[in-house]
Amino acid sequence: MAHHQILIVGGGAAGITAAAQLKRARPGLDVAILEPSSEHYYQPGWTLVGGGVFSLEETRRAEGDVIPSGVQWIRAGAAAFDPERAVVTSTEGEAIHYDVLIVAAGLRLCWEKIEGLSEALGKGGVCSNYSKHYTAYTWEAIEAFKGGSDGASGNAVFTCAPMPIKCPGAPQKIAYLADDVFKKKRLQAR
């Protein structure tokens, strides 16, 4: 059975940051990250993709390039947790023993919890910056927004779901970025 002093489940921004900080503070620590994906996306940058500042590709890196030096990358996901035995079983069937466990697996988006949202996303001006599949469409919708006519304001609606959500600042950031674009284009917008 494999054993690590620190086992981190999840190789996203949180898991990578935790590993880097631990190795910086104590370089001799035995740290491993359990992460199945070969690609790492810097999700906080997706709002900037939606705002036309970055391309989606600029938020992508090879996972191996962001794993901190000296941290072992276990290329699998977590299938089961057994905290009483201090063991995580990987999706490959490997039992991994740990002294300290950090779970930073991220969230699963539940679009289906809002009736009609799954079908509406990515068309008709319905956008989200919480998924790499839709964030570029946000920029398309901002660019296509025409505002009002004859002195009337056009409405651009931005929503912020109640907590818990991935990044509570993201809905505000994209609204401000869109507002900046609308002002530069001198659009009548609310």
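The structure this text deals with has already been given above.
Scope of this entry: the structure provided in the associated data block.

1. A few points about the overall build of the chain
Alright, step 1. Within the chain, the regular secondary structure consists of six helices and eight strands.
Alright, step 2. In the chain, the succession of helices and strands from N to C terminus is β-α-β-β-α-β-α-β-β-β-β-α-α-α.
Alright, step 3. A compact globule built from 190 residues would reach a C-alpha radius of gyration of about 16 Å, whereas the chain, at 21 Å, exceeds it by more than 25%.
Alright, step 4. Dimensions of the chain, computed from the C-alpha atoms along their principal axes, are close to 70 × 35 × 25 Å.
Alright, step 5. A buried classification covers 32% of the 190 residues belonging to the chain.
Alright, step 6. Taking contacts inside the chain between residues at least 6 apart in sequence as the whole, the part at least 24 apart equals 59%.
Alright, step 7. Accessible surface, the chain: about 11,400 Å² in total, of which carbon and sulfur atoms supply 53%.
Alright, step 8. Mean positive and mean negative side-chain charge positions of the chain (19 and 20 charges, respectively) differ by 7 Å.

2. Quick look at the pattern of salt bridges
In a structure, side chains of opposite charge can pair up when their charged atoms sit close to one another.
Alright, step 1. Counting across every chain of the model gives six salt bridges.
Alright, step 2. Across the pair Glu 39 and Arg 60 runs a salt bridge, and its minimum N-O distance is 3.4 Å. Here Glu 39 is found in strand E3 (residues 39-41), whereas its partner Arg 60 is found in strand E4 (residues 60-62), with 21 residues between them in sequence.
Alright, step 3. Here Arg 108 makes a salt bridge to Glu 112, at a shortest N to O gap of 3.6 Å.
Alright, step 4. Here the salt bridges do not stand alone but share partners, grouping Glu 39, Glu 57 and Arg 60 into one network.

Cut-off values and rules
Residues numbered from 1 in each chain as written. Predicted model: local features only at pLDDT ≥ 70, side-chain atom pairs only at ≥ 80, totals over all residues. Heavy atoms only, no water. Helix = DSSP H or I, 4+ residues; strand = E, 2+ residues; numbered from the N terminus. Rg over C-alpha atoms; globule rule 2.2 N^0.38 Å. Buried < 20%, exposed > 50% of the residue type's maximum accessible area, 1.4 Å probe, protein only. Contact = heavy atoms within 4.5 Å. Areas by Shrake-Rupley, 256 points an atom, 1.4 Å probe, with all protein chains shown as cover. Lys, Arg positive; Asp, Glu negative; His and termini not counted. Charge placed at Lys NZ, Arg CZ, Asp CG, Glu CD. Salt bridge = Lys/Arg side-chain N within 4 Å of Asp/Glu carboxyl O.

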